[in-house]
2 protein chains.
Amino acid sequence: MDEIKLGIQYAFQTKNPLTLAVSGTGHCAMEAAVLNMVEQGDKVLVAVNGFWGERVTDIAKRLGAEVHQLVKNPGEYFTLEEIEKGLIQYAPFLFFITHGESSTGVVQPLDGLGELCHRYNCLLLVDAVASLGGTPVLMDQQGIDILYSGSQKVLSAPPGASPISFSNRARKKIYNRKTKPSSFYLDMEELAKYWGCDDNPRKYHHTAPINTFFCLREALAALAEKGLENSWKLHKENSLYLCEGLQKLGLKLFVKEPDARLPTVNTVFIPEGYDWKEITEYIMKNHGIEVSGGLGASAGKVLRIGLMGYNSTKFNVDRVLRALEDALQHCLKNKL
Amino acid sequence: MDEIKLGIQYAFQTKNPLTLAVSGTGHCAMEAAVLNMVEQGDKVLVAVNGFWGERVTDIAKRLGAEVHQLVKNPGEYFTLEEIEKGLIQYAPFLFFITHGESSTGVVQPLDGLGELCHRYNCLLLVDAVASLGGTPVLMDQQGIDILYSGSQKVLSAPPGASPISFSNRARKKIYNRKTKPSSFYLDMEELAKYWGCDDNPRKYHHTAPINTFFCLREALAALAEKGLENSWKLHKENSLYLCEGLQKLGLKLFVKEPDARLPTVNTVFIPEGYDWKEITEYIMKNHGIEVSGGLGASAGKVLRIGLMGYNSTKFNVDRVLRALEDALQHCLKNKL
């Protein structure tokens, strides 16, 4: 467990003592982040430019928070100016934003965001499930107060144990709650004792998914051996190579600005006249590759091609481009 | 997932359509059971004769329930008369009881309990984490409304996916809630769609710990091949054999009534003058066997010896008896 903690601290680029893995998948980490921070009536501002903001809105509302949304179109990201307006208008104590919007393929710039939030006495909560290890996120430097990710994306471990970390600012809020968090399983003050994150003696809390913890430990070690910079570079290169190839096939990328493209989840418009399900099923059946349709607002509009961790290679890009080319010819033929 | 559902229905002896595995360990299933049933202000009665009743009390209170306790000494179980008095006195809508009290080694008789609860318009919630497969629990026949277990006890799969099932009575309460459950990750109405438990089309809900699901599927298949009756018989025989051996070593069993002894977790008093930690550490170091100390109210009083699933064999009983004999001599010598 200590080694997992160290591995997460490296991957997140943080020195936070309150750093651990929750015993569940990415959604569970999202819920752990929100339920430990939020109390009844607390004001939360959620950036919504795809699926994940809507999900956090749902979770925070269940917990009795007063939730406000900052909304942009799927495929776009938020500027500091837009966020500042929201912070002024709603005066939230917590601001949520998705770093890697996997439903749309957008990466959210994070520089300056922590500082901005803190200026308005607001904590910054960032979802890095689809982005961690694939594109830079620097928890301490960017002033992120709560950060979580999953194990089965870039880390390439099985799903079921999810890294999470809290800044001292966030930790103080947790330790000074007026009410206990809604969950015992995810209660961070209890988990801190289980994981040896504070000065208390270690204490049994629940049975952890221990086999998955061993996998996560290995995955974090592999990332550390490769090095974060190398991992970011590799994901960027393979994504650029894929995007070039997609455009050569005559396809149009969903995210306009090249810098806003998430290298781990690449989104491309479904060309007119095609049925996305026919394409993805053809590719699965004939090429053994899973390409996803959209999710939420992007459903029916895009195909999503994942290039994450172990899977992010030039060889795989060539395979998926061949598969797509074949599918586009085949599915067109079917229509003629 | 359909095969896991069938396997759980067999292990639980139920036909409930709302049967699935939650994406977490036993504690997560406990929380899923409580948070889906309970709304703010609901009256809950909890049977406390060890650790698990206290844990459920904590969870239900976090959710704003009005919680009352029926308390007995650790090592004892509840009679139908005692429970009936509690139902009359507190008029709860939900009654919680632990089938296999793993902190004390007590098995709770369940016959007639469902009928009794229903007579008082109360739903019956049973924890079978430590007992499922090791001693009979018959969900439909015993009128249990909510039943859950873990994957890493008798089922001998890795921890991280936990069977749970809801009767139609319990399901109706869930589908008619006035407020959404506090958790999205564990929201049974959403999970029912994910698992294809109702007439709705299957719908993505969260990423499940899919590798652990495959393990659970195998474990359930192995139990079905062996047969529940055989599994119950084997656990009973090995536990009796262990209890005999413990008594021959001059040790005193913690649970007085032979019929009330849980065959999966066997509790024995720490003999006077011995330090439990010295014994368990000696056995771990010299015999490679983990014997546990007590938990909660039984801490410092008992040793707990698990005989579960794959691990419940005569061969292992002989090993642990030899190890204990050795430890008792060694730890005594140290004191002289």
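Not measured: the values here are computed from a predicted model. (Residues numbered from 1 in each chain as written. Chains lettered and ligands numbered in written order. Predicted model: local features only at pLDDT ≥ 70, side-chain atom pairs only at ≥ 80, totals over all residues. Heavy atoms only, no water.)

## As for empty space enclosed by the protein
Right, so step 1: In the structure shown here, the tally under the stated rule is 4 cavities of 30 Å³ or more.
Right, so step 2: The wall of the largest cavity is formed by 13 residues, among which A:Glu31, A:Ser183, A:Leu186, B:Glu31 and B:Ser183 lie closest to the centre.
Right, so step 3: Put simply, the parts of the chain that give the lining of the largest cavity at least two residues each are helix H2 (26–37) of chain A together with helix H2 (26–37) of chain B.
Right, so step 4: In terms of residue count, H2(A) provides more of the lining of the largest cavity than any other element does, 3 residues in total.
Right, so step 5: Residues that form the lining of the largest cavity fall into these classes: 7 nonpolar, 4 polar and 2 charged. (1 Å grid on protein atoms, 1.4 Å probe; cavity = no way out; pocket = protein on both sides within 12 Å on 5 of 7 lines; lining within 4 Å. Points joined across faces, edges and corners; volume = space filled by probe spheres on them. Helix = DSSP H or I, 4+ residues; strand = E, 2+ residues; numbered from the N terminus. Nonpolar A, V, L, I, M, F, W, Y, C, P; charged D, E, K, R; others polar.)

## Focus on the pattern of salt bridges
Any two side chains of opposite charge can pair, so long as their charged atoms come close to each other.
Right, so step 1: If you walk through the whole model with that rule in mind, you get 26 salt bridges over all chains.
Right, so step 2: Between A:Lys173 and A:Glu39 there is a salt bridge, and its shortest N-O distance comes to 3.7 Å. With A:Lys173 in helix H6 (residues 168–175) and A:Glu39 in the loop between H2 and strand E2 (43–48), this residue pair connects regions lying 134 residues apart in the sequence.
Right, so step 3: Judged by relative accessible area, which is 7%, A:Glu39 ranks as buried.
Right, so step 4: Connected through salt bridges with shared partners, the residues A:Asp58, A:Arg62, B:Lys180 and B:Asp187 form a single ionic network. (Salt bridge = Lys/Arg side-chain N within 4 Å of Asp/Glu carboxyl O. Buried < 20%, exposed > 50% of the residue type's maximum accessible area, 1.4 Å probe, protein only.)

## Things to note about the relation of the copies chain A and chain B
Right, so step 1: Note on the copies: chain A fits chain B at an RMSD of 0.0 Å, the axial shift is 0.0 Å, and the rotation between them is 180°. Interpreted geometrically, this transformation is the action of a two-fold axis. It is A:Gly24 whose C-alpha, among those of chain A, lies nearest the rotation axis, at 2.8 Å. (Least-squares fit on C-alpha atoms with pLDDT ≥ 70 in both.)

## Overview of the UniProt feature "domain: Aminotransferase class V" (unreviewed entry) in chain A
Right, so step 1: The sites that carry the UniProt feature "domain: Aminotransferase class V" (unreviewed entry) are, in the present numbering, residues 1–319 of chain A.
Right, so step 2: End C-alpha to end C-alpha, residues 1–319 of chain A measures 38 Å, and it is 39% helix and 16% strand. (UniProt positions renumbered as here; feature names shortened; annotations may be inferred.)

## Let's talk about the packing of aromatic side chains
Right, so step 1: Scanning all chains against the criterion turns up 8 aromatic pairs over all chains.
Right, so step 2: With a centroid separation of 6.4 Å and 40° between ring planes, the pair formed by A:Phe51 and B:Tyr204 is classed as tilted. Separated into two different chains, A:Phe51 in helix H3 (residues 51–62) and B:Tyr204 in the loop between helix H7 (188–194) and helix H8 (210–226) make up a pair that spans both.
Right, so step 3: Overall, the relative accessible area of 36% leaves B:Tyr204 in the partly exposed class.
Right, so step 4: Both rings, one in B:Trp195 and one in B:Phe213, keep their centres 5.3 Å apart while their planes meet at 55°; by these two values the pair is tilted. One end of the pair, B:Trp195, is in the loop between H7 and H8; the other, B:Phe213, is in helix H8, and 18 residues separate them in sequence.
Right, so step 5: Put simply, the rings of A:Phe51, A:Trp52 and B:Tyr204 pair up and form one aromatic cluster. (Phe/Tyr/Trp six-rings, centres within 6.5 Å; stacked < 30°, edge-to-face > 60°.)

## A word on the environment of A:Ile59
Right, so step 1: Residue placement: A:Ile59 occurs in helix H3.
Right, so step 2: Sequence separation of A:Ile59 and A:His235 is 176 residues, and the distance between their C-alpha atoms is 31 Å.
Right, so step 3: With residues near it in sequence (within four places) discarded, A:Ile59 still touches A:Met30, A:Glu31, A:Val34 and B:Phe184. (Contact = heavy atoms within 4.5 Å.)

## As for the nonpolar core
Right, so step 1: With 167 residues, the main nonpolar core has A:Phe95 and B:Phe95 as its most contacted residues.
Right, so step 2: If we skip the residues at most four places from it in the chain, A:Phe95 touches A:Leu45, A:Ala47, A:Leu70, A:Ile83, A:Leu87, A:Leu113, A:Cys117, A:Cys122, A:Leu123, A:Leu124 and A:Leu125. (Core = buried A, V, L, I, M, F, W, Y, C linked by side-chain atoms within 4.5 Å.)

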